[in-house]
Structures are given as C-alpha cells and as structure tokens.
Amino acid sequence: MNDQAARLRRMIEDRRPITDIKDDTKASPKLGKSADNKGPRTIAITSGKGGVGKTNLTVNLAIALGNMGKRVIIIDADMGMANVDILLGTSSRINLMSLLEADVTLEDVLLRGPYGVSYISGGSGMEHAMELTPEEHDILFEKLTACEEWADIVLIDTGAGIGGNVLDFIVAADEVLLITTPEPTSLTDAYAVMKGYSTIAEHPNLKLIVNRVIDEPEIREVVGTLSRTAERFLKISVECLGYIYDDQMMIKSVRKQIPVMAGHPDAVSSRCIASIARGLLNGQQEKVK
C-alpha cells in the first residue's frame, strides 16, 4: 500500500504545480453564512475527474437528507453543464449565472424540482461561465448567502478538477466530500484536488466517498492509499465517510432520469447513499443497512 501511495504521489508531482494554477486565490465567503456566522451547513461535493458519479450522488443525497427531515438546496456549480437538470429530467431558463443580473435574487433562481429536490440550475452551453471575474465572484457569492432562509443543508455540486471556480466553491463550503472510483486515473486526480484544497483552505475539512466499488478489500485499498498519501505529503487527515457499491439499478435510473433513491429506494446503491446521509448528520461513517 505504501508503494502504491508513493506511485500516486509521483504521478501527480509530475504535473503542473497547484500553486502555479491558483496562486492568487481569494478567500471566498462561507456560502449561506450571515454576518453572525449562522446559516445552513454547506457541503461541496467534488471530484478530480468527470464521470465518477458526482452529480448523481449529489441529487440522491439531497433526496436521502430530505427523507430525514432536512431542508436541502442543491447549487449546480458545474456552470454551463446543467447536470442536475439532466438527472432530474427537468430544464430551466434561469440559472446560477442569472444571479449576476442586478434585479435577480436567489428566490428568482431557486427551482422546486421533482422528488422534493430544490435546486439552482447550472445552466447549459454558456462559455462565459467558465471563469468568473472578481466582480462577478463577489456578486454571486453575496447573493448565495440568502440560502439561509430556505435550507438546513446546501449541497454544492462543483465542476470536476482544480479550476478557479471549483476551488472557489469548495473553499467557500464548510466541508468537502471528494468522490473517487478505484481506477488509477480517478485516484490520481482525487489527490490533485486534495493537494489544491489543502494548499488554499485555512482549515481543511475533507472526507472521501468511494463510488463503484466491488467489495470491502477494494474500499480499504482505495481509502488507505489516499489517506496515507494525504497524511504523509499534505499533512492533512482524510477519512472515508462512505462508499457506493457498483449497482445496475443506479445505471438504469440514470438512463431513465429518475434518481435511484426515488425509483428504487431498496437498491444497494440507495442504501449506501442513505448511510452516507446518516453519516453526514451523525459525524461518522455509518453501516449500510
């Protein structure tokens, strides 16, 4: 396992240094927090690479937390992609970037979707959304602080990787869930996110979610590799909050645009996500029931 961790570190160190990408990162205000630091719990869900199930987890986690009595808002911060809309089978003319217009408020862009999911769309096909200017950043984050009026928990579905907008959103959150799969490329990219986050976050608060696992030994290997590498080279502690077994019902649900928590609540993937939701509320990894 130590050899695998060393290989992982060498692979990422051969890439462009994180500090070259984000030397000028400005401290984002905590999303949802008011002047007295009260407000909803904000959780950024991110990944090192696309296609690992990040948005799928976000939508189903919102349903699971809603089933537990929590008011949840999803912010689709993967701007220009509209992934939350796609998974819910919905569409919207108004989206997160609409908040940059002077007369648009958070209430104007907050959508009440199916299955009790409230969300802010990321929009679709907007090249302008790739990077925010400092002025746009300030406007957007200031308006998003109004989430405290409607939510107990805000789930931020970020873009993948370590771009400027992604880092802004994960630093603005209270905590970060980093989703990965057992594939070597996913692990390498997950480590890149951990390094970028640990470089700019004042108090890193990150937990792992391992998706598409086959068995418990695979879970232990993935978590052991990333947590040991992070502790040794980044000096941060990274724990696993949960895992999701590879499940055909999840794949079928995505194709039908019906979240697995809604269409198949007894599926193994649904039970895994419910355990992650319980873990978030209880502060520790929970057994899958």
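Here the structure is a predicted model, which is why all the values come from computation and not from measurement.

*Asks:* Is there a simple way to explain the pairing of strand E8 (residues 239–245) in this structure?
*Replies:* Looking along a regular strand, one sees side chains alternate from face to face of the sheet. Counting buried residues in E8 gives six out of seven residues, a clear majority hidden from the surface. Pairing analysis gives six bridges linking strand E7 (residues 206–213) to E8, with the strands arranged parallel. Counted as the bridge partner of Ile-209 is Gly-242 from E8. As a crossover connection, the stretch from E7 through helix H9 (residues 216–234) into E8 is right-handed.

*Asks:* It is not clear to me how the pattern of salt bridges should be interpreted in this structure. Could you clarify?
*Replies:* If charged atoms from side chains of opposite charge come close, those side chains can pair. Considering all chains together, one arrives at four salt bridges under this definition. Between Asp-157 and Lys-54 there is a salt bridge, and its shortest N-O distance comes to 3.0 Å. Of the two residues, Asp-157 is situated in strand E5 (residues 153–160) and Lys-54 in helix H3 (residues 54–67); the sequence distance between them amounts to 103 residues. You'll find Asp-157 and Lys-54 in the same group, each marked buried. Residue Arg-71 is joined to Asp-152 by a salt bridge in which the shortest nitrogen-to-oxygen separation is 3.1 Å. Taken together, the residues Arg-71 in the loop between H3 and strand E2 (72–76) and Asp-152 in the loop between helix H6 (134–144) and E5 connect sequence positions 81 residues apart. Accessibility expressed as a relative area gives 40% for Arg-71, which makes it partly exposed. Relative accessible area serves as the criterion here: at 29%, Asp-152 is assigned to the partly exposed category.

*Asks:* Explanation requested: helix H8 (residues 184–200) in the structure shown.
*Replies:* Taking 1.5 Å of rise per residue, the 17 residues of H8 would be expected to cover 24 Å, and the 25 Å separating its terminal C-alpha atoms lies within 8% of that figure. In terms of burial, H8 is a largely internal element, 13 of the 17 residues being buried.

Parameters at a glance
Residues numbered from 1 in each chain as written. Predicted model: local features only at pLDDT ≥ 70, side-chain atom pairs only at ≥ 80, totals over all residues. Heavy atoms only, no water. Buried < 20%, exposed > 50% of the residue type's maximum accessible area, 1.4 Å probe, protein only. Helix = DSSP H or I, 4+ residues; strand = E, 2+ residues; numbered from the N terminus. Pairing = 2+ DSSP bridges. Right-handed = clockwise from strand over helix to strand, strands pointing away. Salt bridge = Lys/Arg side-chain N within 4 Å of Asp/Glu carboxyl O. Expected span 1.5 Å × (residues − 1).

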